[in-house]
Amino acid sequence: MGSMTAADGIKWRGKTIPFQPGESIAAALIAAGVVSFGSDLATGARYFCGIGTCQGCLVWVDGVVREACLTPAVAGGTIEPLDPGGKAL
Amino acid sequence: MTGVDVVVVGGGPAGVAAACVVARAGLSTMLMDQRSALGGALHVQPVAGVPAVPMPRRQTTRWRRLTDDLTALPVETRLMTRFSGLDAAGIAIVEDRANESVSPIRARGIVLAVGAVESIVPRPGWDLPGVLTVGGLQVMMKQSGRLPPGRIVLAGSGPLLVAAATQMAALGRSPLAVFEAATPVGAPLAAAALALHPAYAAEALSYLTKLWTARVLWRTRHRLAAISRTDAGLVLTVDGPGGRSSIGADWVGLHDGLRPNDFGLPADGRGGEAGPIVLRAGDCHEVLGGDAAIADGRRAGAEMVRLLAGGGASWAATTALRRHRQAQAAIAGMFRSEPPDLGGLPDSTMLCRCEGKTIGDLRALINGSEGQHAREVKLNGRFSMGACQGRLCAAWTAALMQRGTGDGGPTGRDFTGRRWPTLPVPISAFLEPDQSVTSRDLTFDGVMADRRPDPSPSAT
């Protein structure tokens, strides 16, 4: 991980997502066209309040559950949905 | 254990103003914010290379002055840090998210300046991905300088929709339409009342002018009835004076007002053997906006100084806050509309998103037995038991349980209760690398004991 730069992006479900240094994981994902932070477009995790209160954007960030809206994207970060099976949270 | 005179939770205008007053009085002060920069929700800072979103110059100047004052004072500022509440011994539990560690902090006073949250009326489809809050759109614009791709529609009620629409227009991404339930420009008495507050009136006029210049479609007296998802994206069903219509969009921003982010917060307390003094400041005390927040932050800071150090001038915020209150009342008057018809919502409407419980689930639960208390409904139905702890749904669950007989009934607070809002914290954050934590260090109700070396029971 030592030589990772912003050019390496973050990984969302195996796909590399670019980000602007300092911005949140949520902003990077949405800019890349990700609408659902869960495994499908049915009711589930997504960006909603943007201020860390609704807990609707919870995702795995390198093995820790975090609000995507508050957590800055870091090069090489692995982001995964909480519901890998595709069911709503 | 770290000890400090005052902990200020929240680095927006109220928190920074309070921290400055407290520090200037000679009290040791720690200011914390969950984000990686100060500003709160109002002054979310742009990342490198992103232009700042247009805001009234008066506001940005005042913020810059506040942060200049803060920098000149010996305030310990901790970013990426969340306050997790007070334990049974009155110790503050503080989570440092950058270093993934949780620390106990002993403080004599706590100022809570955690701002406001948006009210979102439940409507069919409000829980769909692609549906978010208008405030959430603003945070994204302010921090990242961009918006979700595609067609965006805003719906609800309040001046925030106007502000956001003009900010979107400045990025070249005007919303397709803004559906406003009230008729703000058709409220002459309220508008006249607002004219008594020049700064607010000028700001309102500026936003309305920008809205008009950008040709944003601002459909007043229009209510969003439902959102559904099709292969082509989201479809909004909207009711207006001319009847019902549909509009397609990729993203929908909702906003139905602001309320204090006071879920689970204790009432202001004057301390004593139970623990530190706790005072609220800013929007979490009373939603009056950013300018009032500075005055209220100073008020709380001065009150804290008076209680901790004795004497000291009490900040005469009463007059300033009264004028802000009058201005906000005038604005509220302009945006007044019929309350939402919750009873008319279909059973399939999501109510408690976190637990996946619909309005129909609530109706089935309460129709069986009359006079159920909020606690029963919560424990049996799981409403407000999810991750958001009722921040989004408690007020509506309570409202749906009102029987309109004027006999009271539950309130949102009956669902959210008096418990510090919990947040996801990894277990690893409680452990220090070179120290083994025994079960005696962490008790079951989350109290974290002082991490002294374990005194051996057999020591003489």
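In every chain, residue numbers begin from 1 and rise along the written sequence. Working convention: letters from A go to chains and numbers from 1 go to ligands, in the order in which they are written. Given that the model is predicted, a residue must reach a pLDDT of at least 70 before its local features are reported, and side-chain atom pairs must reach 80 or more before they are shown or counted; all residues, however, enter totals for whole chains, interfaces and linings. Neither water nor hydrogens contribute to the side-chain values; these are computed over all heavy atoms in the structure.

Asks: Can you tell me about the nonpolar core, naming the residues and giving the values?
Replies: If you look at the biggest cluster of nonpolar residues, it comprises 81 residues, and the most contacted ones within it are F37, Y47 and F48 of chain A together with L154 and L254 of chain B. Every residue pair with non-hydrogen atoms within 4.5 Å of one another is taken to be in contact. Non-local contacts of L254 of chain B, meaning those with residues more than four positions away in its chain, are made with E118, I120, R123, W126, V131, L132, T133, V134, A155, L224 and I227 of chain B. Throughout this description, the term nonpolar core refers to a set of buried Ala, Val, Leu, Ile, Met, Phe, Trp, Tyr and Cys residues connected via side-chain atoms within 4.5 Å. Buried, partly exposed and exposed residues are distinguished by accessible area as a fraction of the type maximum, computed with a 1.4 Å probe on protein chains only: under 20%, between the cut-offs, and over 50%, respectively. In terms of nonpolar packing, the next biggest core, distinct from the first, is built from 31 residues, C20, L38, A281 and L308 of chain B among them.

Asks: Which residues make up the sheet that holds strand 13 (residues 233-240) of chain B, and what are the values?
Replies: Residues and elements named next belong to chain B. The strand order 12-13-14 describes an open sheet built from 3 strands, whose pairing is antiparallel. Edge positions in the sheet fall to strand 12 (223-230) and strand 14 (243-249), since each has one partner strand and no second. Mean inter-strand twist for the sheet, computed between neighbouring axes without regard to direction, equals 20 degrees. In this scheme, strands are said to pair when DSSP sees at least two bridges between them. Runs of E in the DSSP output that reach at least two residues are strands. Runs of H or I that reach at least four are helices, and both are numbered from the N terminus. As judged from the 7 bridges shared by strand 12 and strand 13, these two strands associate in the antiparallel manner. Residue R229 lies in a different strand from strand 13, and its bridge partner there is L234. Where helices are involved, their axes are fitted lines through C-alpha atoms of the stretch in contact, as for all axes, and angles between N-to-C directions lie from 0 to 180°.

Asks: Quick rundown of the pairing of strand 6 (residues 101-112) of chain B? Include the residues and the values.
Replies: All names here are of chain B. In this structure, strand 1 (residues 2-9) lies alongside strand 6, joined through 7 bridges in parallel fashion. If you follow V8 over to strand 6, its bridge partner there is V111. Where strand 5 (residues 92-96) lies against strand 6, 5 bridges are found, and the strand directions are antiparallel. Note on strand 6: the bridge partner recorded for V94 is S103. Linkage of strand 5 to strand 6, two consecutive antiparallel strands, is achieved through a turn of 4 residues, within which E100 is found at a positive phi near 50 degrees. In this structure, strand 6 lies alongside strand 17 (residues 277-280), joined through 4 bridges in parallel fashion. Across the sheet, residue I110 finds its bridge partner in strand 17, namely V278.

Asks: Go over the pattern of salt bridges with me, naming the residues and quoting the values.
Replies: By convention in these notes, a salt bridge is any Lys or Arg side-chain nitrogen within 4 Å of a carboxyl oxygen on Asp or Glu. One pass over the full model with this rule turns up 22 salt bridges over all chains. When the shortest N-O distance is used, the salt bridge between E67 of chain A and R82 of chain B registers 3.0 Å. With E67 of chain A in strand 4 (residues 64-67) and R82 of chain B in strand 4 (residues 81-86), the pair connects residues from two separate chains. Judged by its relative accessible area of 0%, E67 of chain A falls in the buried class. Measuring nitrogen to oxygen at the nearest pair gives 2.4 Å for the salt bridge that ties R58 of chain B to D291 of chain B. Of this pair, R58 of chain B sits in helix 2 (residues 57-71) while D291 of chain B sits in helix 7 (residues 290-309), and the two are 233 residues apart along the sequence. Here R58 of chain B falls in the partly exposed class, since its relative accessible area comes to 29%.

Asks: Go over the sheet that holds strand 5 (residues 78-80) of chain A with me, naming the residues and quoting the values.
Replies: All names here are of chain A. Strand order in the open sheet made by the 5 strands is 2-1-5-3-4, with mixed pairing throughout. Looking at the sheet topology across the chains shown, the edges are occupied by strand 2 (15-17) and strand 4. Between one strand and the next, the sheet's axes are offset by a mean angle of 35 degrees, whatever the strand orientation. Of the pairings in the sheet, the one linking strand 3 (residues 58-61) to strand 5 comprises 2 bridges and is antiparallel in character. Across the sheet, the residue bridging to W60 is E80, located in strand 5.

Asks: Break down the pairing of strand 9 (residues 152-156) of chain B for me, with residues and values.
Replies: Consecutive side chains of a regular strand alternate in pointing toward one face of the sheet and then the other. All names here are of chain B. Within strand 9, 5 of the 5 residues are buried, which leaves the element mostly enclosed by the surrounding structure. Residues I152, L154 and G156 of strand 9 are buried on one face, and the alternating residues V153 and A155, pointing to the opposite face, are buried as well. When strand 9 meets strand 10 (residues 177-180), the two strands line up parallel, connected through 4 bridges. Note on strand 10: the bridge partner recorded for G156 is E180. This β-α-β element, strand 9 to helix 4 (residues 159-170) to strand 10, shows right-handed connectivity. Seen with its strands pointing away from the viewer, a crossover is right-handed when the path leading from the first strand over the helix to the second is clockwise.

Asks: Can you lay out the confidence of the model for chain B for me, pointing to particular residues and giving the numbers?
Replies: Summarising the model, chain B shows a mean pLDDT of 88, and 89% of its residues fall at 70 or more. Interface confidence for the predicted complex, given as ipTM, is 0.93, next to a pTM of 0.91. Confidence scores per residue from the predictor, reported as pLDDT, run from 0 to 100.

Asks: I'd love a proper account of the packing of helix 1 (residues 13-24) of chain B against helix 7 of chain B, names of residues and values included.
Replies: All names here are of chain B. Between helix 1 and helix 7, the shortest axis-to-axis distance is 7 Å and the interhelical angle comes to 35 degrees. Relative to helix 7, helix 1 is oriented so that their crossing is right-handed. Between helix 1, through P13, A14, A17, A18, V21 and V22, and helix 7, the contact on the second element is made entirely by G290, A293, I294, G297, R298, G301, A302, M304 and V305. When residue character is reported, Ala, Val, Leu, Ile, Met, Phe, Trp, Tyr, Cys and Pro are called nonpolar, Asp, Glu, Lys and Arg charged, and the others, Gly included, polar. Across the contact of helix 1 with helix 7, the residue classes tally to 11 nonpolar, 3 polar and 1 charged. In this scheme, a crossing is called left-handed if the near helix is turned counterclockwise away from the far one by less than a right angle; it is called right-handed if the turn is clockwise.

Asks: An account of helix 3 (residues 134-144) of chain B is needed here, citing residue identities and associated values.
Replies: Most of helix 3 of chain B is tucked away: 11 of the 11 residues are buried. Restricting attention to buried positions, one finds in helix 3 of chain B the residues V134, G135, G136, L137, Q138, V139, M140, M141, K142, Q143 and S144 of chain B. Taken together, the buried residues of helix 3 of chain B touch helix 1 (25-31) of chain A together with strand 7 (116-118), strand 8 (131-133), strand 9, helix 4 and strand 15 (251-255) of chain B. Following helix 3 of chain B by one or two positions, G145 of chain B has its phi on the positive side, about 70 degrees.

Asks: Lay out the packing of helix 2 of chain B against helix 7 of chain B with the relevant residues and their values.
Replies: The relative placement of two packed helices comes down to the angle between their axes together with the axis-to-axis distance. All names here are of chain B. Put simply, helix 2 and helix 7 touch, their axes get as near as 10 Å, and they point 30 degrees apart. Comparing their axes, helix 7 and helix 2 come out roughly parallel. Every residue of helix 7 that contacts helix 2 at R58, Q59, R62 and L66 is listed here: D291, I294 and R298. When the residues that make up the contact of helix 2 with helix 7 are grouped by side-chain class, the tally is 2 nonpolar, 1 polar and 4 charged. Any angle that is under 35 degrees is reported as roughly parallel, and any over 145 degrees as roughly antiparallel; angles of 65 to 115 degrees are reported as roughly perpendicular and all others as oblique.

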